[in-house]
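The chain contents come next:
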Amino acid sequence: MTRPVLSAIHHVAIICSDYARSKQFYTQLLGLTVIAENYRQERDSWKLDLALPNGNQIELFSFPNPPPRPSKPEAQGLRHLAFVVESVAEFADYLTQNDVAVEPIRIDEFTGKAFTFFQDPDGLPLELYQR
């Protein structure tokens, strides 16, 4: 049997603690486009579908009283979400001007590309990676 091919990542799902705050962060600050927004009454949960310019998506969920995600020390499992940008320095400056703490810019020792980390409102580690 021939192995089937994974063609792309369709979406990444994020559960937030404060829906309005996270919606503002991902749409207004990071500039993701809203595809759909639905309230699921049976779960008392919002589901916000967001798109990046290349079509990749983020699903932002709210649930009542979700447990916090451990980020430090780094836990086993999905580590972080990385976004490609034209200029890490420019985007990092933009985030800093909007009161988002950004780590110092580093250079990937294997690719020579610039990168840095910041966090969403719930402390989820996000990365900017130079195109």
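Residues numbered from 1 in each chain as written. Predicted model: local features only at pLDDT ≥ 70, side-chain atom pairs only at ≥ 80, totals over all residues. Heavy atoms only, no water.

## Remarks on the nonpolar core
Membership of the largest hydrophobic core comes to 23 residues, with the highest contact counts inside it found for Phe25, Tyr26, Leu30, Ile58, Phe118 and Leu126. Those elements giving two or more residues to this core turn out to be strand 1 (11-16), helix 1 (19-29), strand 3 (45-51), strand 4 (57-62), strand 5 (81-85), helix 2 (88-97), strand 7 (114-119) and strand 8 (125-130). Ignoring sequence-local partners within four residues, the contact set of phenylalanine 118 consists of Phe25, Leu30, Leu95, Val100, Ala101, Val102, Leu124, Pro125, Leu126, Glu127 and Leu128. (Core = buried A, V, L, I, M, F, W, Y, C linked by side-chain atoms within 4.5 Å. Buried < 20%, exposed > 50% of the residue type's maximum accessible area, 1.4 Å probe, protein only. Helix = DSSP H or I, 4+ residues; strand = E, 2+ residues; numbered from the N terminus. Contact = heavy atoms within 4.5 Å.)

## Quick notes on the sheet that holds strand 8
A sheet is described by the order of its strands in space; here four strands give the open sequence 5-8-7-6, paired in mixed fashion. Strands with a single pairing partner mark the edges of an open sheet, and in this sheet they are strand 5 and strand 6 (106-107). In terms of strand pairing, strand 5 meets strand 8 through five bridges, oriented parallel. Each residue of the ladder has a partner; that of valine 85, found in strand 8, is glutamine 130. Its contacts with the sheet place helix 2 against strand 5, strand 7 and strand 8, and it is angled at close to 145° to strand 8. (Pairing = 2+ DSSP bridges. Axes fitted to C-alpha atoms, helices over the stretch in contact; angles between N-to-C directions.)

## Points about the environment of asparagine 65
One can find asparagine 65 in the loop between strand 4 and strand 5. Taking C-alpha positions, asparagine 65 is 26 Å from alanine 101, a pair spaced 36 residues apart along the chain.

## Some points on the sheet that holds strand 3
A sheet is described by the order of its strands in space; here four strands give the open sequence 1-4-3-2, paired in mixed fashion. Each end of this open sheet is capped by a strand with a single partner; those strands are strand 1 and strand 2 (33-40). The sheet shows a mean angle of 15° between the axes of neighbouring strands, taken without regard to direction. Direction of pairing for strand 2 relative to strand 3: antiparallel, over a ladder of seven bridges.

## Notes on helix 2
Among all positions of helix 2, only Val88, Ala92 and Leu95 are buried. Each buried residue of helix 2 lies within a common arc of 60° when the element is viewed along its axis, so the set occupies one face. Those residues of helix 2 that are exposed and aimed more than 90 degrees away from the buried face are Glu90 and Gln97. Of the surrounding elements, those touching the buried residues of helix 2 are helix 1, strand 5, strand 7 and strand 8. Of the residues trailing helix 2, aspartate 99 is marked for its positive phi of about 65°. (Arc of directions from axis to C-beta.)

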